[in-house]
Amino acid sequence: MIALGRTYLLATIAFLYLPIAVMVAMAFNDSALYTLPIEPSLRWFASLAVNAPLQLATRNSLLIASATSVIATAVGAMAALALERKRFRGRSLLRLLLLPPIAIPWLIVGTAMLVFFFWTGIGRGIHALLIGHVALAIPYVVLIVGAGLQTLRADLEEAAMSLGSTPIHAFFSITLPPLLPSVLAAALFAFAVSLDQFVISYFLSTPGVSTLPVEIYSSIRKGFTPEINAISTIFLGVSSALVLVFAQLSHLGGKRDSR
Amino acid sequence: MRSENGTLTPRGRLARREWTTAALLAPAYSWLTLAVFLPLGAMLFFSFLKAAPFGARPLQFTFDNYLAFVRRPYLIDVAWTSIQIGLWTTGLCALVGLPAAIALARATRGRSQQVLFLLIVLPFWTNGLVRVFSWTMVLREGGVLDYALHLVAPSAPSVALLYSFPAIIIGLVHAYLPYMILTCYLSAAAIDDAYIEAARSLGARTPMIFAKIVLPLSLPGLISGAILIFVPVIGSFMEPRILGGRVGVTMGTVIEDQFVQAFNWPLGAALSFTMLAVVLIIFGVSSRALSARFGAQ
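Residues numbered from 1 in each chain as written. Chains lettered and ligands numbered in written order. Predicted model: local features only at pLDDT ≥ 70, side-chain atom pairs only at ≥ 80, totals over all residues. Heavy atoms only, no water.

Peer 1: For this particular structure, what's the right way to read the interface of chain A and chain B?
Peer 2: How large an interface is tends to be reported as the accessible area lost when its parts come together. Contacts between the two partners involve 86 residues from chain A, matched on the other side by 87 residues from chain B. Taken over both partners, the interface formed by chain A and chain B buries close to 8000 Å², and the fraction arising from carbon and sulfur atoms is 81%. Between the two partners, chain A and chain B, sit zero salt bridges. Along the contact surface separating chain A from chain B lie seven residue pairs in polar contact (both at pLDDT 80 or more). Per-element accounting of the side of chain A that touches chain B gives the leading share, 16 residues, to helix α1 (residues 2-27) of chain A. The class makeup of the residues in the side of chain A that touches chain B is 68 nonpolar, nine polar and nine charged. (Contact = heavy atoms within 4.5 Å. Buried area = accessible area lost by both parts, 1.4 Å probe. Salt bridge = Lys/Arg side-chain N within 4 Å of Asp/Glu carboxyl O. Polar contact = N/O pair within 3.5 Å; in protein donor to acceptor, adjacent residues only side chain to side chain. Helix = DSSP H or I, 4+ residues; strand = E, 2+ residues; numbered from the N terminus. Nonpolar A, V, L, I, M, F, W, Y, C, P; charged D, E, K, R; others polar.)

The following block contains the structure:
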């Protein structure tokens, strides 16, 4: 039974990874028509170097993801602090309000942003993408930093203040240092959320200003070329690396082995 | 305490504390208001308009957009396709994911369990678009599946699954399976070993233990996984477009069309809100069912 379970598990993992492996392998195939067997070549990676729209979109993606990460982490960590450490009326309502950006299908949120931004004159483009991405990342940051705060003792900070420390000093010297891994994990997560976001970016980008996933989508719709495989492979590598670092920081693998 | 050295009265301290709380919360919630809540409100407003209020067009209110399903019968077919896609995807994810989650929770442990867990959740944090694109390489005529089949059976007819209903389902199951494994794993891992040992010492065999203990106790994970999958799948538009081609007309793609191609924003808004209402009803009903379950335990 145990052996059967393990075999089944490995088969499931194979199903999850096989198409991705195929996609990556095709990036190194010389044929423009994906003919098999594979003839190794790096020409599709080389042709990325002269693909200006793709490079511009990549730069936009990295720029927006970095800015999203910084803003969402700062703003979200502040909110997490208030939600975890302060007692006030309406706290559970505010917690509940974090759910819509996560739970409502992105298609609906994305089109709603398009309608509102267009109507109010905010318009589309980099700034609109940034506003949207930060909003999507904030709930995750609040949840991750909030979970980190729950594992810390609140009374240490109070002890420091009763010994004459100012609240701000107490926060930076007592609360923040052990909280840093959670904050860092939240920042990484926000970065990944922004980098991978497609649906909302799709509605908020303009023909001149788009992000990498939007650019990949329009290339797919124009027709398949192995160049898409090459850029997707690089993209996949970067986001997997981010998740692995995040997993390290937040001990994602479930309970830590204490046996 | 600061009040003891006389700088702040208790009342002043309370006021100051409230001010700090508000200052900590304001940036995050203003941002969410600007980017999520006001837009949703604006879209609700738009859904009752005859035409989008751009230029000097006067506002004309109407309920017509919500009658779209009556006026345009093809939308009923489209909605039915979306629901079918949702049911197939959720069902197959449950069928494949629950055993995998139980195997992960009960048949592995320690370091290998951590590694396998990470292997399962890793793909769902990589770009969904890239994963859908991967399937086009496998499913197209002359793709990897076709090639592999002809290596085994050279005379077999060619298989081209791309641009078909099954292709959409395969892509969506691949995209959402990790959710199901994750939620079921959390339930299955929480089962107390003592139950299983007790059953075994009383003479129960493995299939009996599976059917009477492991399966029922994993059900909450199955239900929350099903909700987490069904809701976004109904609203999916990128997967049906890429893998379904002309077959892939769903609520998601129809809504997308209203905003990107047809520029009938009020209709798109009304369709979005109809879908949102369905989503909320599903959430409401299932959370009630879930809390009833947990309340009974």
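Peer 1: Hey, could you run me through the packing of aromatic side chains in this one?
Peer 2: Between two aromatic rings, the relevant description is the distance of the centres plus the angle of the planes. Per the stated rule, a full pass over the model turns up 22 aromatic pairs over all chains. Centre to centre, the rings of tyrosine 202 of chain A and phenylalanine 203 of chain A are 5.2 Å apart; their planes meet at 65°, and the pair counts as edge-to-face. As far as the burial class goes, tyrosine 202 of chain A and phenylalanine 203 of chain A line up, both buried. Here the aromatic residues Phe198, Tyr202, Phe203 and Tyr217 of chain A together with Phe237 of chain B are joined through ring pairs into a cluster of three or more. (Phe/Tyr/Trp six-rings, centres within 6.5 Å; stacked < 30°, edge-to-face > 60°. Buried < 20%, exposed > 50% of the residue type's maximum accessible area, 1.4 Å probe, protein only.)

Peer 1: I'm lost on the packing of helix α9 (residues 167-196) of chain A against helix α12 (residues 226-250) of chain A in this one. Help?
Peer 2: Helix-helix packing is described using two parameters, namely the angle between the two axes and the distance between the axes. All names here are of chain A. Between α9 and α12, whose axes approach to 9 Å, the crossing angle comes to 155°. Overall, the two elements α9 and α12 adopt an arrangement that is roughly antiparallel. When you trace α9 past α12, the crossing you get is left-handed. Between α9 and α12, the contacting residues are Pro181, Leu184, Ala185, Leu188, Phe189, Phe191, Ala192, Leu195 and Asp196 on the first element and Phe235, Val238, Ser239, Leu242, Val245, Phe246, Leu249 and Ser250 on the second. Among the residues making up the contact of α9 with α12, the classes are represented as 14 nonpolar, two polar and one charged. (Axes fitted to C-alpha atoms, helices over the stretch in contact; angles between N-to-C directions. Parallel < 35°, antiparallel > 145°, perpendicular 65-115°, else oblique. Left-handed = near helix turned anticlockwise from the far one by under 90°.)

Shape descriptors only; they carry no functional weight alone.
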